Amino acid sequence: MELAAAALTAVTSAFTTAAPVVGSEVAASAAAAAGQTVASSASAGAGFLSGSGSLMSSIFQGTAGVLSAFGALDKGASESDAMKARANDADTEAQLETVKGAERRIGLRRALADALAERDVAAAASGVDLSFGTPKLARDEALKEGERALTADQSTEDFRIGRLRERAAELRRGASEARRGGLIRALGSGLATGASIAKRG
């Protein structure tokens, strides 16, 4: 009985002596594991935040690139529409010039007819024969002068109409180039944005 008690006392003493050492080792292991977990979590969190920031930057840059591309398209379309409107104005001016030219020539013919009629009446009143001699030559010359005035007016009208139509054609070519330029600028902006995002990774 005394032998059993002594053995129990020895075991208890050994356990009591070993327990703090084991407990401290367990605690140290637990603390090390906890520290490693915290460090891993912090590293993962930092990686997530870094990746998230890069993603947001790419999104913002992509959005800015899209807006820039749409802006280039809109600017090209606006310039094209403005030039087309000016071309239409030039066409309208050409049509008005045709009408004005016709009115001018009608006025010239009327003025020539009136002048000849007055001359004929005056000659007839004075008993002058208009079928030969100086009166006939004067009448023929007046007719030629009137025809020259009509021809000159027609030439002026044709020149003005030609210039207006050339201007309209140039404006329409400019409108096409403006629209095409807007498309090219939009594509360039999109490609540059895509390349920048791809370079960032």
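Just so it is clear, the model here is predicted, and its values are computed rather than measured.

Rules used throughout
- Residues numbered from 1 in each chain as written.
- Predicted model: local features only at pLDDT ≥ 70, side-chain atom pairs only at ≥ 80, totals over all residues.
- Heavy atoms only, no water.
- Helix = DSSP H or I, 4+ residues; strand = E, 2+ residues; numbered from the N terminus.
- Buried < 20%, exposed > 50% of the residue type's maximum accessible area, 1.4 Å probe, protein only.
- Contact = heavy atoms within 4.5 Å.
- pLDDT = per-residue confidence, 0-100.
- Salt bridge = Lys/Arg side-chain N within 4 Å of Asp/Glu carboxyl O.

### Structural notes on the overall build of the chain
Okay, so step 1: The secondary structure content of the chain amounts to 2 helices and 0 strands.
Okay, so step 2: In the chain, which comprises 201 residues, the proportion classed as buried is 17%.
Okay, so step 3: Within the chain, contacts between residues at least 6 apart in sequence are counted, and of these 87% link residues at least 24 apart.

### Quick word on the confidence of the model for the chain
Okay, so step 1: Averaged over every residue, the pLDDT of the chain is 72; the share at 70 or more is 64%.
Okay, so step 2: Across residues 1-35, confidence stays below pLDDT 50; counting only partners more than four residues off in sequence or on other chains, it has 0 contacts.
Okay, so step 3: Across residues 37-51, confidence stays below pLDDT 50; counting only partners more than four residues off in sequence or on other chains, it has 0 contacts.

### Quick notes on the pattern of salt bridges
It is possible for side chains of opposite charge to pair when their charged atoms get near one another.
Okay, so step 1: In the structure shown here, the tally under the stated rule is 10 salt bridges.
Okay, so step 2: Arg 160 is the partner of Glu 97 in a salt bridge, and the nearest nitrogen-oxygen pair spans 3.3 Å. Residue Glu 97 is located in helix α1 (residues 2-125), and its partner Arg 160 is located in helix α2 (residues 133-200); the two are separated by 63 residues in the primary sequence.
Okay, so step 3: On the basis of relative accessibility, which here comes to 9%, the residue Glu 97 falls in the buried class.
Okay, so step 4: According to the relative accessible area criterion, Arg 160 is partly exposed, its value standing at 40%.

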